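Architecture and fold: a report
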Amino acid sequence: MMKKFVLILMGLFFLIAGVSAYQVSIDAPETLAVGKPLIVTGTTTFGIGMPIDVVLYYQLTASSEIQRKIVYVQEDKSFRAVFDTTRLKKGMYKVEVPGSGLGNSITMRLVQLVDRSDEIFISSPKTQYYTGKLYLAGTIKDDLNSGIQIEVVGSDNSVVFGPSYVKTNYAGDFAVDVPIRGPGDYEISFTDAKGYLGSRTITVLGERPSVLATVGEIPTPIAALASAHAKASRDHPAYFVVRTGSGPVTLYTSSSIDWVIEYIDENGILFQVNDQGEFNPEMAELTGKNTTLYMKIYPYKSGISGDMFLFGENVQSVAVSPNVPGPFAATETPQSSSTQKSSPAGIYAVIAACLAMIAVSRLR
């Protein structure tokens, strides 16, 4: 009887020893940007194929379970869980393998989620029609005269652009045309020297719509968005020629500089727009009649210059005018001949003619 009792005790001892031999160790990043996948890796002495729960909690005053993943031990005794953080708010989180491992096991890690999405402003439309290119423009706070890394992923999760470096100007503005293969949802990720900024989705539609014509008119095909850009200052404004469609037309600038918009409509009336300041685009809304508008854009403050983008919705085209358009040129007062200063060359020519006449008279 005593032998059986000893054997039972020894069995329990070895059983406990065997259980205590199982260990779990997990690892996760200390800091992660919202929108990036949270990858938790681990190793264990559990057998191959053993299921393991990995849980993500939000840490405030108490833990609140957010997501739970069941993963399986691989042949190399490792396991891996991936959590989507796209819609999570910033703050402190923890990942844990509950109720597993004894001794020297590490079953919990704290993860700080940070959100920098408010540091990027996208000025290009969220919906565009397919033209073979996706137009992407925006502004990055504090990334002045530097650059940003951009990656574009298509609806099939294939990378269609980048990661590629795109320069920003002195105001943090950037713009790039991304070649695409067709309509769909395109996810754009942004990263700067400080790390991941965030992502945006732009939807590219198929065929371009046409404006319905009245009786006797030919339908006018309308682009979803047209744009052009030029360098502008108060002394040297940028001039644009816009061919509108029929119906509501919206024209707006890039931000980061307080721009002034002047435009002359088909009746020759001059309009001026300056309502938004430097942090929001200036916008002109009007009714298009398949006519041509002439626009003049310059900074509100003197001594400032920069690249500005003009975007047009429900327009056929937006183009930079190489010269001052006629309607604006007509408003300028040319300098009269009576007030013009004589050039030095003209003065020298008169003096030379006078000396020549004196010399000829002496020879006589």
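Heads up: these notes are all about the structure in this document. (Residues numbered from 1 in each chain as written. Predicted model: local features only at pLDDT ≥ 70, side-chain atom pairs only at ≥ 80, totals over all residues. Heavy atoms only, no water.)

A word on unusual backbone geometry
Of the consecutive residues glycine 162 and proline 163, the connecting peptide bond is found in the cis state with omega at 5 degrees. Within the secondary structure, proline 163 is located in strand β13 (residues 159-167). Positioned with a positive phi, lysine 77 is a non-glycine residue whose angle comes to about 65 degrees. Looking at where lysine 77 falls in the secondary structure, it is placed in the loop between β5 (63-72) and β6 (78-83). The phi torsion at asparagine 157 lies on the positive side, around 70 degrees, for a residue other than glycine. (Helix = DSSP H or I, 4+ residues; strand = E, 2+ residues; numbered from the N terminus.)

Side note on the packing of aromatic side chains
Summed over the entire model, instances satisfying the criterion amount to seven aromatic pairs. A centroid spacing of 4.9 Å and a plane angle of 55 degrees characterise the contact between tyrosine 58 and tyrosine 93, whose relative ring orientation is tilted. With a gap of 35 residues between them, tyrosine 58 in strand β4 (residues 51-59) and tyrosine 93 in strand β7 (residues 91-96) connect regions that are remote in the sequence. Like tyrosine 58, the residue tyrosine 93 is buried in the burial classification. A centroid spacing of 5.1 Å and a plane angle of 15 degrees characterise the contact between tyrosine 263 and phenylalanine 271, whose relative ring orientation is stacked. One aromatic cluster is present, built from ring pairs that chain together Tyr135, Tyr252, Phe309 and Phe311. The ring of tyrosine 196 carries the charged tip of lysine 36 above its face, separated from the ring centre by 4.9 Å. Lying over the aromatic face of tyrosine 57, lysine 94 brings its terminal NZ or CZ to 5.1 Å of the ring centre. (Phe/Tyr/Trp six-rings, centres within 6.5 Å; stacked < 30°, edge-to-face > 60°. Buried < 20%, exposed > 50% of the residue type's maximum accessible area, 1.4 Å probe, protein only. Lys NZ or Arg CZ within 6 Å of the ring centre and 35° of its normal.)

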